[in-house]
Amino acid sequence: MAGKGNEKIKPLSAGEIAAYSMGSLGSQFSNNCVNAFFLVYLCIYQGLNPLIMTIAFVLAKFWDAINDPILAAIVNNVKKSRLGRYRPWIFFGALINAMTLVVMFFPMGQGVSTPARYVFYISMYVLWGMSFTLVDVPFWTMLPTIANSTEERNKASSMAKLIGGLGGFLVGMVGTSIVLPNFSKYGMNKAYMIIGASAGAIMIIFLLVTVIFNKEKYPVPHSNVSLKTIIELFKSNDQLRPYAFSLVLYLSGVNIASSQILYLYTYCYEDGANLIDSTYSYTLFWIIACTGQGIAMFFYNQITKKIPRQKIYEFSFWGCIISYILLFVIFFFLKEKNYLINAIAIALSGSFLMLASGMNQIGSTVMIADITDYGEYKTGKRADSIMFSVSTLIGKIASAVAMLIIGIGISAAGLPTISDLPVTNPDGTYNCSVSAFYKDDKYLINNEEKWELIQSDSQYDGKVEFVKENLISKDSLTVLRAYMFLMPIPLCIVALIIYKRKYRLYGKVYDDIKAEIDRRRMESGFDKYSQPSGKKENVMKGNGE
């Protein structure tokens, strides 16, 4: 708790870091549940057109880019409560987001028209994105109020990103390896509803840990902001601009690669290109790949004591570039039916990508806190919610750019769509589901076990065809791999150039800026250990509360 007068506050404890990190795990359960399963659910089990949904999701991302600063301004301007400025938003935002998450996976009945389905699910996706902002922006904006020094911020943000990454991994593993295999017998719609409901419940539970056990100990100068202020922040803060542009390009590349990995596994399975065994291979990839990310995040704070933070951040760009090239090349040496070795080779090379990405995630989180300090140093106004909303905004813009490029790549590769065919028993009861490639008004299967199952159901007579050859051509896979791994390389190179040439908030430069901020706060009666006395004006021109 905050001390009185000049009594110093205790440093950030391990328990507080753990409690803060639990919130990151909760929010990433929601985020990755939608990213991993929602589009697949809509296109396969609700029969919606993938191209239409991709375009709709891209437009929704750009709408998020518009409303994120607006929502952040609301968070920033609302009067602080007894629980602090940010914790109430995290709690109520989590409730809304969790409820939306459950409704998103609610199956529409057969009597609902196709246009109504589009309207419903697109609306739910937009509402989910807005409610997620109400959780994500306050969560990261709270960081400077619980950790004052760069070292403490490194510890808290690195552990939060590590645990959050674990949450993203667990969603994929639990969904694909536990929920879907065990609950699909009750119908895939119900199985996906269980995934959504589980992610929503876990989100609320873990974010409650953050709300209860993290106090906003360090009061920071606050001033109300408007949309005009947001534009002025970008104009006046010459470190925010290169940070934002560089990170958008970098994350676009990472999102292209990581998002397309699911497509790659889907079309490289033994009944597709005959390169990877479908049994838990996707889970195996994330176990190995996320181990690399976990190592990077867990030891990030120790590494920064040996290597300058800006060098580590720079390495994250080169690490991704090397990984893209390695992943592209390795696919030309994979041999058919060499399933286990192929899966491990891909996963190991992917772990290098995740390691570099993990370092970038932590570095960029600390950087936005430093950029917020720099904005206060230059203008005297501090708008934490707006600054930290930039991170969420950047992620959504990068996701939109990646989705556009992925859509073009899938179209250029000419890949067939995949349908899930429910197989019934002779008495009409549900037996299982069989995946099949759909091309030229035919369902194509080249797996003998699946072919025997589908033959037992008369409803597919004349609709399914057995083929002996691989269903995915080498040319299609080459185009897919090129878009997945080669397209991100120029994006990373340009991002690195922008960062190296324009960004300078590290070392002595930042230390001097932070010292000047602390001096101004002390002079104005607003120091890092106590609230300002009376109604004194906050740092420079910021209005106190």
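Residues numbered from 1 in each chain as written. Predicted model: local features only at pLDDT ≥ 70, side-chain atom pairs only at ≥ 80, totals over all residues. Heavy atoms only, no water.

Asker: Hey, could you run me through the overall build of the chain in this one?
Answerer: On a plain count of helices and strands, the chain comes out with 18 helices and 4 strands. Going through the 545 residues of the chain one by one, you find that 55% of them count as buried. Counted over contacts in the chain with a minimum sequence separation of 6, partners at least 24 positions apart contribute 78%. Counting every atom, the chain has about 23,600 Å² of accessible surface; 64% of that belongs to carbon and sulfur. (Helix = DSSP H or I, 4+ residues; strand = E, 2+ residues; numbered from the N terminus. Buried < 20%, exposed > 50% of the residue type's maximum accessible area, 1.4 Å probe, protein only. Contact = heavy atoms within 4.5 Å. Areas by Shrake-Rupley, 256 points an atom, 1.4 Å probe, with all protein chains shown as cover.)

Asker: What is the right way to read a nonpolar patch on the surface from this model?
Answerer: Nonpolar side chains collect at one region of the surface, where Trp63, Ile66, Ile70, Ile74 and Val78 lie side by side and expose about 420 Å² of accessible area between them. Mapping tryptophan 63 onto the fold places it in helix 2 (residues 50–77). A relative accessible area of 37% places tryptophan 63 in the partly exposed class. (Patch = residues over 30% accessible without salt bridge, like charges linked within 9 Å, V, L, I, M, F, W, Y side chains within 5 Å. Salt bridge = Lys/Arg side-chain N within 4 Å of Asp/Glu carboxyl O.)

Asker: Is there a simple way to think about the side chain of asparagine 274 in this case?
Answerer: Mapped onto the elements of the fold, asparagine 274 is located in the loop between helix 9 (240–268) and helix 10 (281–298). A relative accessible area of 8% means that asparagine 274 is categorised as buried. A polar contact of 3.0 Å, which involves the side chain of asparagine 274, links it to the side chain of tyrosine 339. Setting aside its immediate chain neighbours within four residues, asparagine 274 contacts Cys268, Tyr269, Glu336, Lys337, Tyr339 and Asn470. (Polar contact = N/O pair within 3.5 Å; in protein donor to acceptor, adjacent residues only side chain to side chain.)

Asker: Hey, could you run me through the pattern of salt bridges in this one?
Answerer: Between side chains of opposite charge, pairing is possible as soon as their charged atoms come close. Scanning the model with the defined rule gives 10 salt bridges in all. A salt bridge links glutamate 16 to lysine 217; its shortest N-O distance comes to 3.4 Å. Of the two residues, glutamate 16 sits in helix 1 (residues 14–45) while lysine 217 sits in the loop between helix 7 (188–213) and helix 8 (227–236), which places them 201 residues apart along the sequence. The exposure class assigned to lysine 217 is buried, which follows from its relative accessible area of 4%. Lysine 514 serves as the salt-bridge partner of aspartate 518, at 3.3 Å between the closest nitrogen and oxygen. Of this pair, aspartate 518 and lysine 514 both sit in helix 18 (residues 508–524), 4 residues apart, which is roughly one turn of that helix. Taken together, the salt bridges that share partners define one network made up of Glu516, Arg519, Arg520 and Glu523.

Asker: Explain the nonpolar core here, please?
Answerer: Of all hydrophobic cores here, the largest spans 75 residues; its most connected members are Tyr243, Tyr250 and Tyr324. Mapped onto this core, the elements with two or more residues apiece are helix 9, helix 10, helix 12 (309–330), helix 13 (339–379), helix 14 (384–413), helix 16 (474–486), helix 17 (488–502) and helix 18. At 15 residues, helix 9 tops the list of elements feeding residues into this core. The contacts of tyrosine 324, once residues within four sequence positions are left out, are Gly253, Val254, Ala257, Leu353, Phe485, Pro488, Ile489 and Cys492. (Core = buried A, V, L, I, M, F, W, Y, C linked by side-chain atoms within 4.5 Å.)

Asker: What am I meant to see in the packing of aromatic side chains here?
Answerer: Aromatic ring pairs are described here by two measures, namely the spacing of the ring centres and the angle between the planes. This model, assessed by the stated rule, comprises 26 aromatic pairs. With a centroid separation of 6.3 Å and 65° between ring planes, the pair formed by phenylalanine 38 and tyrosine 121 is classed as edge-to-face. Here the residue phenylalanine 38 occupies a position in helix 1, and tyrosine 121 occupies one in helix 4 (residues 114–141), the gap between them amounting to 83 residues. Each member of the pair phenylalanine 38 and tyrosine 121 is classed as buried. (Phe/Tyr/Trp six-rings, centres within 6.5 Å; stacked < 30°, edge-to-face > 60°.)

Asker: Looking at this structure, I do not really get helix 3 (residues 87–104). What am I missing?
Answerer: In this model, helix 3 (18 residues) spans 25 Å end to end at C-alpha, consistent with the 26 Å of a helix rising 1.5 Å per residue. Turning to helix 3, its buried residues number three or more, namely Arg87, Pro88, Ile90, Gly93, Ala94, Asn97, Ala98, Thr100, Leu101 and Met104. (Expected span 1.5 Å × (residues − 1).)

Asker: Would you mind going over the confidence of the model for the chain with me for this structure?
Answerer: Note that predicted coordinates carrying low pLDDT should not be read in detail. Mean pLDDT over the chain works out to 79, with 86% of the residues at or above the 70 mark. Low pLDDT, under 50, characterises residues 1–7; the stretch is placed with 10 contacts to residues that sit more than four places away or in other chains. Note on residues 529–545: pLDDT is under 50 here. Beyond four places in sequence and across chains, it has 46 contacts. (pLDDT = per-residue confidence, 0-100.)

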